[in-house]
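Understanding the architecture of this molecule
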Amino acid sequence: MVAVVAGAEPFSGSESTAIRADFPILGRTVRDGKPLVYLDSGATSHKPWVVLEAEREFYEKHNSAVHRGAHQLSEEGTELYESARATIAAFIGATADEVVFTKNATEGLNLVAYAFSNASHGGGGARGRMPQPDDEMAARFVLAPGDEVLVTEMEHHANLVPWQELCRRTGATLRWIPLTPDGRLDLTDLDDLLTDRTKVVAFTHVSNVLGTINPVREITEKAHAAGALVVLDACQSVPHLSVDVTELGVDFLAFSGHKLFGPLGIGVLWGRPELLDAMPTFLTGGSMIETVTMEGSTYAPVPQKFEAGVPMAAQAIGFAAAVDYLTELGMDRVLAHEQFLTAALLDGLAARPWVRVVGPPTAAERGATVAFVVDGVHAHDVGQVLDDQGVAVRVGHHCAWPLHRALGVAATTRASFAAYNTVGEVDALLGALDLVPAIFGLDLDSVPRAASDRQQQRDREQVTV
Amino acid sequence: MDLYRELILEHSKRPHRVGLREPFAAEVHHVNPTCGDEVTLRLDLDASTGEGEHATIRDLSYDALGCSISVASASVLAAEVTGHSVREALDTYAAMHAMLTSKGQDPGDEDAIGDGVAFAGVAKYPARVKCALLGWSAFTDALARSGIDISETSPSTSRFSTHATPKG
């Protein structure tokens, strides 16, 4: 459970105004002059000036292929790139040599899945330069038929499909933790799902649909007791709440820059250094080698071992600027603000009996994401009406199709927040939503769920932020 | 909103000729991976009027799960092509496709596509064009699987086929 830090307040009106002024795109209009109400930061967030300027400055003054060449530009570029790595590492309580830059979080998760795959098929590059190579460590990545991979039913496709493919390639068996009806992980049978054949447990920190904050430590401790490695999808947590890799206790953690006010095209895979060292290579080519002959190659130490090709230096520098920006806002206040908005939205939706929220009922158990269903109107149609009013949300299955099947719905409408959102935007969403019943001729008298029932439930689970 | 014309809402609430029926020569299942919309479509052809494009569409039955646009579009499809020759149906498809991909430039010809003109507004919303074409692409696929050569009349069918637009 994530608790709001005592004393952390949502941003005041004047603070919100100042934050919004930092994001140029929030000043634009959409759909015939309507102000943009952007409630889709779970898909991608907008970028503040400091990020845009950091990228621009790199291209204007230091543009170079980092880790190459002896000239001054390359030296400066390399220094900025590595300093960005240190900034981002510190943001999650890690050190720079544990942080690998990837194209996005999806690539980070694939990198780990392919480490298992490649280790199982004799891939090279395991055991780099660490003193006393630990064969036991390298063996943890070898999968054979009968071994098991454990995921959950609420995963984003990025943390599901790579493991399906890994199982297909190695003959391992994919198992999953099911959902409870209110959108939490059903851990009742976790002790049975974890066996001595479980080699890896991969799950999400915060659901990108339900907003559920999962009990990372509890699952991790049990997974470790069973001898499994733990991979955490932190895409929806790192941008919204304070994350410390040591505190979580996981082995790998992946997140992206673009959901965190940073540029598109860059993500991070954090891993325990002894594990990263014991893993085979993933993408190969320039930059990641130590020596190359026609017969074969040896590889650079971590993190370079996993960064083939000319690195995305401008994105890394922009990413670090975004992390600095968030740090300055204060992650405790970001969380308090987003939970305040989430609570306001949950309250507003609870007052509309024709709307059914999926996931935990109160804001304190959630990340900055609220998905809902209007029974009788497809999410695509709901989203279209909102868009017509300038309210940008995401509709569909949000890359979590099995989760939607488990919930028994084809698609949901999802609002997701960032620090720049306001309670006025929650009201704008609710106002636009109120147009839906009339447009689609919903008979509100026949709505099956009684609003009063849900209100009573919410009263019992008092929201405090 | 320009998008949700009364005709579309009418078709989506009470789809014409809905339901899966026998007999059928081909059955196809198409999905829109973006949102998970699905259509299962069956086609029954009457060859007594001729082979290939001269055959008559005796029945087009379907089960559609999706947004109002995709369901209504399947309904209009069934209403417009049933009882017509394959040739006429392909011409209707071509006219519908041209309107939907015109970015709002082609208002649609009521003589060619009937209630399909109600979808003219969809063309202004690129994300929804796929919804409107879901049933129609399933239809052309079912024709192809029934042995009809559709290559000349529907050059862009493949763009909208089952897995052509992965997302999510």
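In case you missed it, the structure is sitting above this.
Notes on the structure in this doc start here. (Residues numbered from 1 in each chain as written. Chains lettered and ligands numbered in written order. Predicted model: local features only at pLDDT ≥ 70, side-chain atom pairs only at ≥ 80, totals over all residues. Heavy atoms only, no water.)

Below, the discussion takes up the sheet that holds strand β7 (residues 198-204) of chain A. Residue and element names in this part refer to chain A. If you trace the seven strands from one edge of the open sheet to the other, you get β4-β10-β9-β8-β7-β5-β6, paired in mixed fashion. Each end of this open sheet is capped by a strand with a single partner; those strands are β4 (99-102) and β6 (173-177). Shown here is a sheet whose adjacent strand axes are inclined to one another by a mean of 20°, direction ignored. Note: strand β5 (residues 148-152) against β6, five bridges, orientation parallel. Of the residues in β6, the one forming a bridge with T152 is I177. (Pairing = 2+ DSSP bridges. Helix = DSSP H or I, 4+ residues; strand = E, 2+ residues; numbered from the N terminus. Axes fitted to C-alpha atoms, helices over the stretch in contact; angles between N-to-C directions.)

Take the interface of chain B and chain A next. Each side of the interface is counted separately: chain B has 20 residues, and chain A has 19 residues. Of the roughly 1500 Å² buried at the junction of chain B and chain A (both faces included), carbon and sulfur atoms supply 61%. Summed over the shared surface of chain B and chain A, the number is one salt bridge. Its salt-bridge partner being D381 of chain A, residue R128 of chain B comes within 2.9 Å of it at the nearest N-O pair. The interface formed by chain B and chain A holds seven residue pairs in polar contact (both at pLDDT 80 or more) in total. At the level of secondary structure, the elements contributing two or more residues to the side of chain B that touches chain A comprise α1 (6-13), α2 (68-81) and α5 (126-145) of chain B. Grouping the amino acids of the side of chain B that touches chain A by side-chain chemistry returns 11 nonpolar, five polar and four charged. (Contact = heavy atoms within 4.5 Å. Buried area = accessible area lost by both parts, 1.4 Å probe. Salt bridge = Lys/Arg side-chain N within 4 Å of Asp/Glu carboxyl O. Polar contact = N/O pair within 3.5 Å; in protein donor to acceptor, adjacent residues only side chain to side chain. Nonpolar A, V, L, I, M, F, W, Y, C, P; charged D, E, K, R; others polar.)

We now examine the nonpolar core. Of all hydrophobic cores here, the largest spans 80 residues; its most connected members are L60, I69, F119 and F139 of chain B. Residue contributions to this core peak at 10 residues, all from α5 of chain B. Grouped together as the second largest cluster of nonpolar side chains are 79 residues, L185, I317, M331 and V373 of chain A included. (Core = buried A, V, L, I, M, F, W, Y, C linked by side-chain atoms within 4.5 Å. Buried < 20%, exposed > 50% of the residue type's maximum accessible area, 1.4 Å probe, protein only.)

A cis amide bond links V302 of chain A to the next residue, P303 of chain A, at an omega of 5°. Non-glycine residue F261 of chain A carries a positive phi angle of around 75°. Inspection of the secondary structure puts F261 of chain A in the loop between β9 (252-256) and β10 (267-271). Of note, the phi angle at R17 of chain B is positive, near 55°, even though the residue is not glycine. By the secondary structure assignment, R17 of chain B is in the loop between α1 and β1 (26-32).

The next thing to look at is the environment of G183 of chain A. Residue position: G183 of chain A is located in the loop between β6 and α7 (190-193). Spatially, the C-alpha atom of G183 of chain A lies 21 Å from that of V238 of chain A, the residues being 55 residues apart in sequence.

Residue and element names in this part refer to chain B. Spatially, three strands are ordered β1-β2-β3 in an open sheet, and the strand pairing comes out antiparallel. Lying at the two open borders of the sheet, with one neighbouring strand each, are β1 and β3 (56-65). Each strand axis lies, on average, 20° off the axis of its neighbour in the sheet, ignoring direction. Alignment of β1 against strand β2 (residues 37-46), held across seven bridges, turns out to be antiparallel. Each bridged residue has a counterpart across the sheet, and for A26 the counterpart in β2 is L43.

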